[in-house]
Amino acid sequence: VKPDRFDDVTGIADHVNGKRTVVLNLESANRETSRRLLDFLSGVAYANGGSISPLANNTYIIVPFNVDFTGDLADELENNGVFFKRATLYQIQYGG
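In every chain, residue numbers begin from 1 and rise along the written sequence. Since the coordinates come from a predicted model, pLDDT governs what is reported: local features require at least 70, and pairs of side-chain atoms require 80 or more to be given and counted, while whole-chain, interface and lining totals use all residues. For the side-chain quantities, the full set of heavy atoms in the structure was used; hydrogens and water were omitted.

S.K.: Help me understand the pattern of salt bridges in this model?
M.R.: Think of it this way: side chains of opposite charge can pair up when their charged atoms draw near. Here, a salt bridge means any side-chain nitrogen of Lys or Arg that lies within 4 Å of a carboxyl oxygen of Asp or Glu. Overall, the coordinates contain five salt bridges when judged by the stated rule. Among the ionic pairs, Lys2 bridges to Glu27, the shortest N-O distance being 4.0 Å. Here the residue Lys2 occupies a position in the segment before helix H1 (9-17), and Glu27 occupies one in the loop between strand S1 (22-25) and helix H2 (31-47), the gap between them amounting to 25 residues. Between Arg5 and Asp7 there is a salt bridge; the shortest N-O distance is 3.4 Å. Only runs of H or I of at least four residues qualify as helices and only runs of E of at least two qualify as strands under DSSP, and these elements are numbered from the N terminus.

Next up, the structure:
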């Protein structure tokens, strides 16, 4: 999904709550909107036992608890040219 305003967050949260993997592209959102979206969706992922990880600049993957991102999915993404790094929530939100 490629939201450009915070109002889009409920539809994205519905996907996460529905236990669907979401690729979140924040390239068209401004810095403040991106921060708010990440804050909210991090909470949604946490409440569902899922996780959020950066894939590239301004792009994140949100996976439900029943998806193992570190195994086959990560390998498949890397084999298709998507490179990512694991980061803490603090690093995702504040670049620390």
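After presenting the structure, the write-up continues.
S.K.: Looking at this structure, I do not really get the side chain of Thr33. What am I missing?
M.R.: Following the sequence through the fold, Thr33 ends up in helix H2. Throughout, a contact is declared for two residues whenever any of their heavy atoms are within 4.5 Å. Ignoring anything within four residues of it in the chain, the contact list for Thr33 reads Asp4, Arg5 and Phe6.

S.K.: What should I look at first to understand the packing of aromatic side chains in this one?
M.R.: Aromatic ring pairs are reported here in terms of the distance separating the ring centres and the angle at which the planes meet. Pairing of aromatic rings covers Phe, Tyr and the six-membered ring of Trp, with a centre-to-centre limit of 6.5 Å; geometry is then stacked below 30 degrees between planes, edge-to-face above 60, and tilted otherwise. Applying the stated criterion across every chain yields a total of one aromatic pair. Note on Phe6 and Phe40: the rings are 6.1 Å apart at their centroids and 90 degrees apart in plane angle, and the pair reads as edge-to-face. Taken as a pair, Phe6 in the segment before H1 and Phe40 in helix H2 lie far apart in primary sequence, 34 residues in all. Here Phe6 falls in the partly exposed class, since its relative accessible area comes to 22%. Three labels apply to residues, based on accessible area from a 1.4 Å probe with only protein chains included: buried if under 20% of the type maximum, exposed if over 50%, partly exposed otherwise in between. Judged by its relative accessible area of 37%, Phe40 falls in the partly exposed class.

S.K.: Got a minute to help me understand the sheet that holds strand S2 (residues 51-56) in this structure?
M.R.: In sheet architecture, strand pairing relies on hydrogen bonds along the backbone and comes in two forms, parallel and antiparallel. Strands sit in the order S1-S3-S2 across an open sheet of three strands; the sheet is antiparallel. Looking at which strands have only one partner, the edges of the open sheet turn out to be S1 and S2. Shown here is a sheet whose adjacent strand axes are inclined to one another by a mean of 25 degrees, direction ignored. Paired strands are those between which DSSP finds at least two bridges. The sheet contact formed by S1 and strand S3 (residues 59-63) spans four bridges and is antiparallel. Each bridged residue has a counterpart across the sheet, and for Asn25 the counterpart in S3 is Thr59. Simply put, an axis is a line fit to the C-alpha atoms, just over the touching stretch for a helix, and the angle between two N-to-C directions goes from 0 to 180 degrees.

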